[in-house]
Amino acid sequence: MIKAAAAAALFCIAPAMAYAASNWPELTTPESDYVEHCSGCHGMQGDSYPAEIPVLRDRIGYFMCIQEGREYLIRLPNVAYSPIPDNQQLADMMNFVVFGLGGTSVPKGAKPFTAAEVGKLRTRALATESLIDARAEIVGKLVGRCAVPKSMNDFYDGQGQAAR
Ligand code: HEC
């Protein structure tokens, strides 16, 4: 009985695996770095709702509007202390996060991160201060100076949708 059930289960799974393997999208290095190091919390598409983790999708680009916001993205401990040792590789991943996942939230004319910039900012990780306070201060400035929705004060908007 057990054997038969196991065989039946295998029979069902095997074609599904073959299907998944042949349709698995080719990921770029920045994408697979994101999937490996970040997606467990932030979601494959940058949408972590309803977890108490900021939604990156269509929102994270807003931080690029002011220098301090730009720096915050790299100084976050999960980014600055990332096990990716190469600064160019980390810059590439964060450019995917901001310009890829961030979508329409990126202000016009925002420049991609460079390896040199990332290397410098990594040495100034937000190691001791409260991340909640640091974020609140930066978002306060963003909402005042840029076209940024008030819902950025929270980790996602009321519906768990991208902020508008
Ligand atoms: C263990 C879960 C976890 C992992 C893994 C993780 N993060 Fe986060 N991330 C968080 C939490 C929680 C916050 C909110 C921190 C705070 O209070 O500002 C956050 C904040 C952020 C923010 C700021 C968002 C905002 O709106 O303030 C960015 C950008 C970010 N993470 C990117 C990444 C990247 C890139 C990676 C992979 C290198 C990563 N995170 C890995 C949980 C995680």
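These numbers come from a predicted model, not from an experiment.

A. A look at the packing of aromatic side chains. A full pass over the atoms with the stated rule returns three aromatic pairs. For the ring pair Y49 and Y156, a centre distance of 4.7 Å and an interplane angle of 85° mean the geometry is edge-to-face. Taken together, the positions of Y49 in the loop between α3 (39-42) and α4 (67-75) and Y156 in the segment after α8 (131-145) put the pair 107 residues apart, joining distant regions of the chain. When the centroid spacing of 5.0 Å and the interplanar angle of 35° are considered together, the rings of F63 and Y72 count as tilted. Of the two residues, F63 and Y72, neither departs from the other in class, the shared state being buried.

B. Structural detail: the state of the cysteines. Tallied over the entire structure, the rule returns one disulfide. Two residues share a disulfide in this structure: C65 and C146, whose sulfurs sit 1.7 Å from each other. The S-S bond linking C65 to C146 shows a torsion near -85°; that makes this disulfide left-handed. Separated by 81 residues along the polypeptide, C65 in the loop between α3 and α4 and C146 in the segment after α8 bring together distant segments of the chain. Classification of C65 by relative accessible area gives partly exposed; the value is 31%.

C. How the structure looks around the side chain of H42. For H42, the position within the fold is in helix α3. Beyond its immediate chain neighbours, meaning those up to four positions away, H42 contacts Y34, D47, S48, I53, P54 and L56.

D. Structural context of the nonpolar core. Within the largest apolar cluster, 33 residues are counted, with the highest numbers of intra-cluster contacts made by Y34, F63, L73, M94 and F113. When residues of this core are traced back to their parent elements, those giving at least two are α4, α6 (87-101), α7 (115-122) and α8. Sorting elements by how many residues they give to this core places α6 first, with eight residues. Setting aside chain neighbours within four positions, we find F113 in contact with M64, R70, L73, I74, A91, M94, N95, V98 and V118.

What counts and how
- Residues numbered from 1 in each chain as written.
- Predicted model: local features only at pLDDT ≥ 70, side-chain atom pairs only at ≥ 80, totals over all residues.
- Heavy atoms only, no water.
- Phe/Tyr/Trp six-rings, centres within 6.5 Å; stacked < 30°, edge-to-face > 60°.
- Helix = DSSP H or I, 4+ residues; strand = E, 2+ residues; numbered from the N terminus.
- Buried < 20%, exposed > 50% of the residue type's maximum accessible area, 1.4 Å probe, protein only.
- Disulfide = S-S within 2.5 Å.
- Contact = heavy atoms within 4.5 Å.
- Core = buried A, V, L, I, M, F, W, Y, C linked by side-chain atoms within 4.5 Å.

On their own, these measurements won't tell you what the molecule is for.
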